[in-house]
Amino acid sequence: MKEPDFIISPVEQVALKASDFKAIYRPTEKIPTIVVENFPALGKLTAMRFIEWVQNNPGGVISLPTGKTPEHFIKWVNYLLGGWESLEIRSELETAGIDPARKPDIAGLHFVQIDDFYPIESFQTNSFNHYVKKYYIDGFGLDEKKALLIDPSRIGLADGENINDIWPDKSVDLTLRCRRPKTVLEQKQKTVLSRVDQWCMEYEDKIKKIGGIGFFLGGIGPDGHIGFNIKGSDHHFTTRLCPTNYETQAAAATDLGGIEIARKSLVITIGLRTISRNPDCTVIIMAAGQAKAPIVAQAIESEPTIETPASVLGSLPNARFYLTRGAVSGLSEHSLDSIRKEPTLSDDEAEKIVVDLAVKNNKSLLEIKEEDIHNDRFASVAMEKVSQPIQELLEGTRSHILKKIEHGLETLTNKSFLHTEPHHDDIMLGYFAHVVRHLRSASNTHHFMALTSGFTSVSNEFMLKQIAALKKFITLPEFVALYNENYFRCDDMMARNRDVWQYLDGVAANSEYLKDEGCARRFIRNVTEVFASDSYEKFVGEITGLEKYFQSQYPGAVDSANIQRLKGMCREWEAECLWGYYGWQCDNISHLRLGFYTGDIFTQEPTHQRDVMPIVQKMEETNPDIVTVALDPEASGPDTHYKVLQAVAEALHIYQEKTGKKDVKIWGYRNVWYRFDPSEVNIFVPVSLNMFSIMHQSFEDAFISQRNASFPSHEYDGPFSELAQQIQVQQYQKLKTCLGREWFYNHSSPLIRATRGFLFIKEMSPEEFYASCRKLRKSVEAV
């Protein structure tokens with residue numbers, strides 16, 4: 001296939017000049033890329049290119065994305081258009097390569113909606129139709145009369161028909177396309193399906209009639225999908241109603257209110273042919289963060305294949321990937337270029353190269369030969385940047401790995417630990433084995449602090465199950481008596497502990513009744529606190545109202561503050577049960593519910609007084625020797641983990657200034673969402689099969705809202721505890737390859753012989769921690 005010639009626009013020329021990379025490294029790469037420093041810069045570049053295109057294509061046809069990915073694109077477009085005549089904006093435009101004398105005519109554009117779920121009501125805030133109208137039609141000032149929109153609540157329906165009557169359980173049976181209906185309802189459904197398919201064909205024709213899409217902006221899904229053209233999609237597909245795959249369902253679970261809803265949902269999406277039909281179409285795929293790096297590399301480096309939907313873009317001369325440094329890290333030629341430009345490699349960089357080489361060749365470090373290095377492009381170039389002899393480097397790396405394992409075998413005593421987590425299961429999923437070993441020493445004190453309420457991971461279905469279990473108890477005389485005795489007073493810490501003990505007695509006795517009673521006690525306490533119920537009759541009325549609410553509210557809706565709080569308290573109860581499992585009481589567990597966490601698609605930034613000072617107060621109360629933090633890499637913008645990290649860093653800095661305490665150690669951990677490279681950390685904690693069993697059973701017993709994995713990872717269809725085990729086993733396999741299996745099997749320590757997994761932890765001094773946070777902040781924010 002002949003590679004298309006591509007023309008770099010003035011805006012892209014400016015961006016490329018500021019980048020360290022070329023636009024394309026042929027023949028490995030098939031699609032040009034432009035690399036920027038951080039997520040806001042990605043939005044800014046995309047906005048500038050959009051403005052430039054609109055200037056040059058008045059009345060053109062645009063198609064823009066939904067979700068969190070375009071957050072800064074939307075902000076920058078509104079900022080530029082809103083202040084177009086100001087000197088500041090004109091200067092920004094000129095610097096970016098845009099003529100400020102030509103304000104683009106946004107209202108003259110035609111708009112094509114990319115996709116939406118089906119079936120879904122368009123008034124729902126989690127429908128893409130709602131998003132498009134809010135952020136693009138109203139937000140940008142597009143003319144709705146010139147917009148081709150997808151309204152799933154009306155497509156295929158006759159006058160007087162309602163989508164909920166046609167699909168009462170939200171499940172669409174596509175076999176009706178090719179089989180006879182068996183009921184009156186199925187006959188209606190078959191008719192509607194046929195009309196939807198007809199509508200999709202006509203939607204495609206309408207796009208053709210206006211010249212096809214001229215500017216397409218999108219993200220890339222975990223399986224490489226563009227729009228909802230999932231892995232395996234024919235490159236000639238057009239607009240259609242179709243199912244999705246697990247990866248796409250998992251990514252959509254938060255939007256839809258749980259994987260249970262996402263599994264049933266179909267989608268209406270434009271096809272890959274719809275996007276690529278216009279040979280002059282400017283297509284920009286934007287991606288941020290290391291998590292996107294593998295799929296981005298696959299898309300850019302692949303020949304056209306249905307296994308990689310984005311590979312279809314290689315035939316378009318105006319197709320681009322706009323990437324952050326994290327997202328570009330999987331591209332082999334970009335990575336090689338980076339190595340070549342470095343005058344020397346750091347010890348960590350050299351360690352990464354040789355560990356990767358050992359794993360790639362399935363050899364221990366001491367089995368690596370010079371020919372292995374010379375035969376590997378990365379290793380051969382990297383070794384030119386290292387002053388050490390190769391054998392010395394290999395032996396040094398092995399020694400370094402052994403020291404990290406020795407560090408992981410150490411158990412500290414007489415220490416105060418402040419364990420922090422963005423969500424209530426992050427500690428367990430991140431470094432549970434290391435926590436448990438330090439819990440065993442009575443000389444240590446532990447305080448567990450969840451920074452957000454985590455309500456977004458509690459489904460309406462779970463809340464209904466809690467209410468159903470509660471109803472078994474609320475009419476019992478002993479529960480009425482407990483209520484009248486003020487047992488459910490929110491500030492009664494002993495009674496809160498009794499809730500936990502009741503539940504754990506049920507765990508020990510394998511009694512669902514006792515466990516349900518413990519849950520019911522805590523649920524009554526939570527409802528009484530949230531809704532200020534001052535009588536048992538009022539409380540029972542609140543329960544009836546809550547049941548009706550959760551039955552009627554559509555999944556994925558934005559709940560009221562009280563409902564968010566109540567859902568979050570369910571997660572707080574789970575954390576108390578987990579640490580109660582190991583003898584720690586409610587006094588040692590704090591739920592800060594930081595105010596920036598709102599559940600909005602574009603979330604707030606942490607503030608000093610609201611979000612930082614509560615953490616400082618807890619540090620003053622606990623006087624920690626060890627502070628643990630979720631240390632995640634650059635992601636798709638300033639998300640919850642990142643914001644929590646910056647709040648903890650600022651709080652620690654203030655705490656140190658106020659107390660003068662310098663000897664604090666910070667343990668950085670990662671859980672199921674991101675991975676450390678072995679070279680990034682200095683503690684390898686061995687994990688045995690016994691510890692895996694303990695972790696999984698504890699997770700199942702404590703985190704009851706997460707048992708069914710309603711909001712799972714796209715990597716694994718199951719509970720997070722099983723994914724955490726899978727990750728830790730993979731990390732063990734990497735180290736076992738580097739050291740050789742004999743080192744483990746012949747070791748004098750039974751713990752090492754029993755090792756089947758590893759946790760990776762980065763221990764830092766405060767100064768190292770602050771420097772790490774500054775580096776991360778630069779990769780995420782426009783600072």
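Anything mentioned here points back to the structure above.
Residues numbered from 1 in each chain as written. Predicted model: local features only at pLDDT ≥ 70, side-chain atom pairs only at ≥ 80, totals over all residues. Heavy atoms only, no water.

**Focus: the overall build of the protein**
Keep this limit in mind: Put simply, DSSP H or I for four residues or longer makes a helix, DSSP E for two residues or longer makes a strand, and each gets a number counted from the N terminus. Note on method: radius of gyration uses C-alpha positions; expected globular size equals 2.2 Å times residues raised to 0.38. Surface accessibility in these figures is a Shrake-Rupley result with a 1.4 Å probe; residues are shielded only by whichever protein chains are displayed.
In terms of regular secondary structure, the protein is built from 31 helices and 17 strands. For 783 residues, the compact-globule estimate of 2.2 N^0.38 gives 28 Å, and the C-alpha radius of gyration of the protein, at 28 Å, lies within 12% of that figure. Based on the C-alpha atoms only, the size of the protein along its principal axes is roughly 75 × 70 × 60 Å. Accessible surface computed for the protein: about 31,500 Å², of which carbon and sulfur atoms make up 50%.

**A look at the packing of aromatic side chains**
Quick reminder of the rule: Pairing of aromatic rings covers Phe, Tyr and Trp, the last through its six-membered ring, and needs centres within 6.5 Å; plane angles under 30 degrees mean stacked, over 60 mean edge-to-face, and all others mean tilted. Relative accessible area decides the class of each residue, using a 1.4 Å probe on protein chains only: under 20% of the type maximum gives buried, over 50% gives exposed, and in between gives partly exposed.
Tallying each qualifying case throughout the model produces 42 aromatic pairs. Relative to Trp167, the ring of Tyr118 has its centre 6.4 Å away and its plane inclined at 75°; by these criteria the two rings are edge-to-face. Taken together, the residues Tyr118 in strand β4 (residues 115-118) and Trp167 in the loop between α6 (163-166) and α7 (184-209) connect sequence positions 49 residues apart. In terms of burial, Tyr118 and Trp167 fall into one category: buried. An angle of 80° between the planes, with centres 5.2 Å apart, marks the rings of Tyr549 and Phe550 as edge-to-face.

**Here's the deal with a negative patch on the surface**
As a reminder of what qualifies: A patch consists of residues whose relative accessible area exceeds 30% and which take part in no salt bridge; residues with like charges are grouped when within 9 Å of each other, and nonpolar side chains (Val, Leu, Ile, Met, Phe, Trp, Tyr) when within 5 Å. Just to be clear on terms, a salt bridge is a Lys or Arg side-chain nitrogen sitting within 4 Å of an Asp or Glu carboxyl oxygen. The charge count includes Lys and Arg as positive and Asp and Glu as negative, but it does not include His or the ends of the chains. In this description, the location of a charge corresponds to atom NZ of lysine, CZ of arginine, CG of aspartate or CD of glutamate.
Among the surface-exposed residues, Glu342, Asp347, Asp348 and Glu349 lie close enough to one another that they form a single negatively charged patch. Along the polypeptide, Glu342 turns up in the loop between α13 (332-341) and α14 (347-361). On the accessibility criterion, Glu342 (34% relative accessible area) is partly exposed.

**Comments concerning empty space enclosed by the protein**
Basically, it comes down to this: Cavity: a set of points on a 1 Å grid over the protein atoms alone where a 1.4 Å probe fits but cannot get out. Pocket: an open set with protein on both sides within 12 Å along at least five of seven lines, its lining residues, like those of a cavity, having an atom within 4 Å of a point. Grid points are joined across faces, edges and corners, and a volume is the space filled by probe spheres set on the points. Any residue outside Ala, Val, Leu, Ile, Met, Phe, Trp, Tyr, Cys, Pro, Asp, Glu, Lys and Arg is labelled polar, Gly included; the first ten of those are nonpolar and the last four are charged.
Evaluated as defined, the whole model comprises seven cavities of 30 Å³ or more. The volume enclosed by the largest cavity comes to roughly 110 Å³. In terms of lining, the largest cavity is formed by 14 residues, of which the most central are Gly430, Arg670, Asn671, Ile727 and Gln731. Looking at the lining of the largest cavity element by element, the count peaks at four residues for helix α28 (residues 720-739). A breakdown of the residues in the lining of the largest cavity according to their chemical character gives eight nonpolar, four polar and two charged. Looking at the second largest cavity, its volume works out to about 50 Å³. Among the elements that line the lining of the second largest cavity, the one with the most residues is helix α8 (residues 246-256), at four residues. Its residues placed into classes, the lining of the second largest cavity shows seven nonpolar, four polar and no charged.

**Considering α28**
Residues that lie three or four places apart on an α-helix share one face, since the helix turns once every 3.6 residues. The criterion, for reference: For a helix, the expected span equals 1.5 Å multiplied by the number of residues minus one.
In a regular helix each residue adds 1.5 Å, so 20 residues correspond to 28 Å; α28 covers 29 Å between its end C-alpha atoms and thus fits that length. Count one or two residues on from α28 and you reach Gly740, which has phi positive near 90°.

**Here's the deal with the nonpolar core**
Stated precisely, the cut-off is as follows: Buried residues of nine kinds, namely Ala, Val, Leu, Ile, Met, Phe, Trp, Tyr and Cys, make up a nonpolar core once their side-chain atoms join them within 4.5 Å. A contact between two residues is defined here by any heavy atoms of the two lying within 4.5 Å.
Within the largest apolar cluster, 72 residues are counted, with the highest numbers of intra-cluster contacts made by Phe523, Phe539, Leu546 and Trp579. The element contributing the most residues to this core is helix α18 (residues 426-439), with nine residues. In this view, Phe523 contacts Met463, Gln466, Ile467, Leu470, Ile543, Leu566 and Cys570; residues no more than four positions away in its chain are not counted. Counting 67 residues, the second-largest nonpolar core is a separate cluster that includes Ile353, Ile615, Phe760 and Cys773.

**Quick look at the sheet that holds strand β12 (residues 445-450)**
Here is the rule we go by: One requirement defines pairing of two strands: DSSP has to find at least two bridges between them. Geometry is summarised by axes, namely lines fitted to C-alpha atoms with helices restricted to the contacting stretch, and by angles between N-to-C directions that run from 0 to 180 degrees.
An order of β13-β12-β11-β14-β15-β17-β16 is seen for the seven strands of this open sheet, with the pairing classed as mixed. In this open sheet, the two edge strands, each paired with only one partner strand, are β13 (589-591) and β16 (683-688). Taken pair by pair, the neighbouring strands of this sheet meet at an average axis angle of 25°, ignoring direction. Looking at chain direction, strand β11 (residues 416-421) and β12 are connected through six bridges and run parallel. Residue pairing for β12: Leu418 is matched across the bridge by His447. Contacts from helix α27 (residues 689-702) reach β16 and β17 (755-764), with the element oriented near 80° to β16.

**A few points about the sheet that holds strand β5 (residues 147-148)**
Sheet architecture is open: seven strands sit in the order β1-β10-β9-β6-β2-β3-β5, paired in parallel fashion. The sheet is open, and its two borders are formed by β1 (33-36) and β5, each paired with just one other strand. Relative to strand β9 (residues 282-287), strand β6 (residues 215-218) runs parallel, the two being bridged by four bridges. Within β9, the residue paired with Gly218 across the bridge is Ile285.

**Considering the pairing of strand β8 (residues 266-269)**
Of the two faces of β8, both are covered, the one formed by Leu266 and Ile268 as well as the one formed by Val267 and Thr269. By the bridge criterion, three bridges tie strand β7 (residues 240-242) to β8 in an arrangement that is antiparallel. Across the sheet, the residue bridging to Arg240 is Thr269, located in β8.

**Side note on the pairing of β9**
Definition in use: For a crossover, the right-handed case is the one in which the path from the first strand over the helix to the second runs clockwise, viewed with the strands pointing away from the viewer.
Burial runs high along β9: six of the six residues are buried. Burial of β9 is two-sided: the residues Thr282, Ile284 and Met286 facing one way and the residues Val283, Ile285 and Ala287 facing the other way are all buried. Here five bridges tie β9 to strand β10 (residues 319-324), and the two strands are oriented parallel to one another. Note that in β10 the partner of Ala287 across the bridge is Leu323. As for the winding sense of the linkage, the β-α-β connection from β9 through helix α11 (residues 293-301) to β10 is right-handed.

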